[in-house]
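# Observations on the model geometry
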Amino acid sequence: MPSTPRPSTAVALLFVVLAVGAVGPAMLPGAAGGGADDPSDAATEPPFHVVHGEAGTGDRTAVWPYTSRARAFETRTLPLNLIVKGDVDATRRHLERSSRGDWNETRGDFEDEGVGEGYVRPNGTATAWGQATGSTRLTYVVGPGERLDEGQWLLESYQLHDGDYLGARHHIRAYTAPDPDEEWTAMQAHREHWDWFRLRHTVGSVEESQSSVEREFMGRWFVSDVYRTYLANEGGSDADGWATVVELGREPPASGSAPAAIGADAADRADGSPIGGATATAVLIVGLALGGRRLDLVERADAAVGRDVRRALTLAAAIVATFLFVRFGSVGLERTTPLPPKLIAAAFYPVVFAGIPAVTYLLSRQLDRPLAFSAASVGFLTAVLLDYTYLGVTVLPLDALIHRAGLSVALGFLAVGASWPERVDPDPSRHLRLGVLLWLATLVLPLLRFV
């Protein structure tokens, strides 16, 4: 007979999730975080980059090429990866408006509607940059003639985003020159996605967003040069230490347009956005599980693969459909209603917290132990894979991988506890309780920011 997962295995896996999730990222090379030396003990370049003035003149303004959660170098987060030299208002106006020049201004509330995540065009912009909100980040600026310890912590001047809050988006934090006589904007651009298990955004890439914003300025008549310079601020996501420098020439129009490029935008987005394939997959899964002519499909499935396998596939498909319903439903509401994203998240999170284990319990009751465990675990991992495919996430940190594996094992034990051999066994079983415990513990850990 096939071996049945033991309760002690669940306990061991729980401790693995706790240990690796807590200390694993710190052991990885290039992990984000880590402190920088005090500026008074650091060389001028790096870790500082001159954004205004010439060497030897004394009229030099330098910026620390990182952002920080607090006014301390030890709390640094992501590296600055774009510097625009030129009028700060023109820089912001270009990102917000120049790709919308031939659109009616009344459509401003829907500027993100239909824009494919991560899509950019070599000549000009195909994105709609709108106001974004998020946690405050600071950077450090040293003015002309100042010692490194006499600089100031600079709050972000504005944030922009392109994409869905509850899906994936590019996000910019912009820092403008504190001296009105200087004209430069330093940016930290990254690609992030909403993580339903952390209830906050997770950064997936710095390089993708850097390239995206970089292309916004390439080929523009008011840009004199676009190049990259090495800032030695690699580390943190996929940053390689190279920042894009954009030098503006003439000022861009207040509502510039690119009629030919914008005319091709819809077709390009249809090819570039990942939503099409994932949506089709979700529709197919839901259709197979809940579609019409149910009895005929059930009879054919039983004849082709057997009743038990069909029930296992139904369980896996139901878990996938439930998880993708949360992602697509929340993004759909965000795009079509004026509801705040966090309110939408609060409405959908109970489906993640209780809906997925409830579906697992109900559809495992007619399965035996091995099939129940396998169907629940594989179904959840498939849902996670499809979700990340839709979001365009290609790289995950170790703690996220371990966390998702822990959740899949939790659903597997929950399914074993609900299976028919467990319910008819006269000896009391602890698989169901341990499955619920493992699910709750693994789900709560990221909310407490242990993972």
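Residues numbered from 1 in each chain as written. Predicted model: local features only at pLDDT ≥ 70, side-chain atom pairs only at ≥ 80, totals over all residues. Heavy atoms only, no water.

## Things to note about the nonpolar core
To be explicit about the condition: Residues grouped as a nonpolar core are buried Ala, Val, Leu, Ile, Met, Phe, Trp, Tyr and Cys residues, joined through side-chain atoms within 4.5 Å. Exposure classes here rest on a 1.4 Å probe applied to the protein chains alone. A residue is buried below 20% of its type maximum, exposed above 50%, and partly exposed in between. In DSSP terms, a helix is any run of H or I states spanning at least four residues, a strand is any run of E spanning at least two, and both are numbered starting from the N terminus. Working rule for contacts: check all heavy atoms of both residues, and any pair within 4.5 Å makes them a contact.
In this structure, Leu-166, Trp-196, Phe-197, Phe-380 and Trp-439 are the most contacted members of the largest nonpolar core, which totals 41 residues. Sorting the residues of this core by element identifies α8 (307-336), α9 (341-363), α10 (369-391), α11 (398-418) and α13 (431-447) as the ones contributing at least two each. Each residue touching Phe-380, except ones within four places of it in the same chain, is listed here: Phe-197, Ile-319, Arg-404, Leu-407, Ser-408, Leu-411 and Trp-439. Core analysis: the second largest hydrophobic core is formed by 15 residues, Ala-174, Met-187, Phe-217 and Leu-248 among them.

## Digging into the packing of α9 against α13
We count it as follows: Here, axes are lines fitted to C-alpha atoms. For helices the fit covers the stretch in contact, and angles between N-to-C directions go from 0 to 180 degrees. Throughout, the term roughly parallel applies to angles under 35 degrees, roughly antiparallel to angles over 145, roughly perpendicular to angles from 65 to 115, and oblique to all others. Left-handed is the label given to a crossing in which the near helix is rotated counterclockwise from the far helix by less than a right angle, and right-handed is the label when the rotation is clockwise. Basically, the charged four are Asp, Glu, Lys and Arg, the nonpolar ten are Ala, Val, Leu, Ile, Met, Phe, Trp, Tyr, Cys and Pro, and anything else, Gly included, counts as polar.
Viewed as axis vectors pointing N to C, α9 and α13 meet at an angle of 160°, and their least axial separation amounts to 12 Å. When the axis of α9 is compared with that of α13, the two are roughly antiparallel. As α9 packs across α13, the resulting crossing turns out to be right-handed. On α13, the residues touching Tyr-349, Val-352, Phe-353, Ile-356, Pro-357 and Tyr-361 of α9 are Leu-432, Trp-439, Leu-440, Leu-443 and Leu-447. Of the residues assigned to the contact of α9 with α13, the class counts are 11 nonpolar, no polar and no charged.

## Quick word on the pattern of salt bridges
For the record, the criterion: Salt bridges are counted wherever a side-chain nitrogen of Lys or Arg sits within 4 Å of a carboxyl oxygen of Asp or Glu.
Applying the stated criterion to the full structure yields 11 salt bridges. A salt bridge links Arg-173 to Glu-156, with the nearest nitrogen and oxygen atoms 3.1 Å apart. Of this pair, Arg-173 sits in strand β10 (residues 168-176) while Glu-156 is found in the loop between β8 (152-155) and β9 (158-163), placing the two residues 17 residues apart along the sequence. One exposure class covers both Arg-173 and Glu-156, and it is buried. Overlapping salt bridges bring together Arg-147, Asp-149 and Glu-150 as one network.

## What about a nonpolar patch on the surface?
Rule in force here: Only residues above 30% relative accessible area that lack a salt bridge enter a patch, with like-charged residues linked at up to 9 Å and the nonpolar side chains Val, Leu, Ile, Met, Phe, Trp and Tyr linked at up to 5 Å. To be clear on the numbers: accessible area is Shrake-Rupley with a 1.4 Å probe, and residue cover counts the displayed protein chains and nothing else.
Residues Phe-353, Val-436, Leu-440, Val-444 and Leu-448 make up a contiguous nonpolar surface patch of roughly 360 Å² in combined accessible area. The biggest single contributor to the nonpolar patch is α13, with three residues. Mapped onto the elements of the fold, Leu-440 is located in helix α13. Assessed through its relative accessible area of 34%, Leu-440 is described here as partly exposed.

## Quick look at the packing of aromatic side chains
Quick note on the threshold: Put simply, two rings from Phe, Tyr or Trp (the six-membered ring, in Trp's case) pair if the centres are within 6.5 Å, and we call them stacked under 30 degrees between planes, edge-to-face over 60, tilted for the rest.
One pass over the full model with this rule turns up 18 aromatic pairs. Judged by centre distance (5.1 Å) and plane angle (65°), the ring pair of Tyr-140 and Trp-153 falls under edge-to-face. Placement of the pair is Tyr-140 in strand β7 (residues 138-142) and Trp-153 in strand β8, with a sequence separation of 13 residues. Each member of the pair, Tyr-140 together with Trp-153, is buried. On the numbers, 5.5 Å between centres and 35° between planes, the contact of Tyr-165 with Trp-194 is tilted.

## Here we look at the confidence of the model for the protein chain
Counted only if it meets this: Confidence per residue, as judged by the predictor, is encoded in pLDDT with a range of 0 to 100.
Counting all residues, the mean pLDDT for the protein chain is 74, and 66% of those residues have values of 70 or more. With pLDDT under 50 throughout, residues 99-126 is counted as low confidence; its partners more than four residues away or in other chains account for 69 contacts. Within the model, pLDDT remains below 50 along residues 255-278, and this stretch shows 32 contacts once partners closer than five positions in the same chain are excluded.

## Re the environment of Ile-319
In this structure, Ile-319 sits in helix α8. Through-space distance from the C-alpha of Ile-319 to that of Thr-360 is 7.0 Å; in sequence the pair is 41 residues apart. Those residues in contact with Ile-319, other than ones at most four positions away along the chain, are Ile-356, Val-359, Thr-360, Ala-376, Gly-379, Phe-380 and Ala-383.

## Regarding the environment of Arg-365
Spelled out, the test is: Polar contacts, as counted here, are pairs of nitrogen or oxygen atoms within 3.5 Å of one another; within protein the pair requires one atom able to donate a hydrogen and one able to accept it, and residues that are adjacent in sequence qualify only if both atoms are side-chain atoms.
Inspection of the secondary structure puts Arg-365 in the loop between α9 and α10. For Arg-365, a relative accessible area of 29% translates into the label partly exposed. In this structure, the C-alpha to C-alpha distance between Arg-365 and Arg-311, residues 54 residues apart in sequence, is 9.8 Å. Here Arg-365 is in contact with Ala-418, Ser-419, Trp-420 and Arg-423, once residues within four sequence places are set aside. Polar side-chain contacts of Arg-365 include one of 3.1 Å to the side chain of Tyr-361.

## Some thoughts on the packing of α8 against α10
Packing of α8 against α10 brings their axes to within 8 Å, and their N-to-C directions diverge by 30°. Looking at the two axes, α8 sits roughly parallel to α10. Classified by chirality, the crossing of α10 by α8 is right-handed. A breakdown of the residues in the contact of α8 with α10 according to their chemical character gives 19 nonpolar, two polar and four charged.

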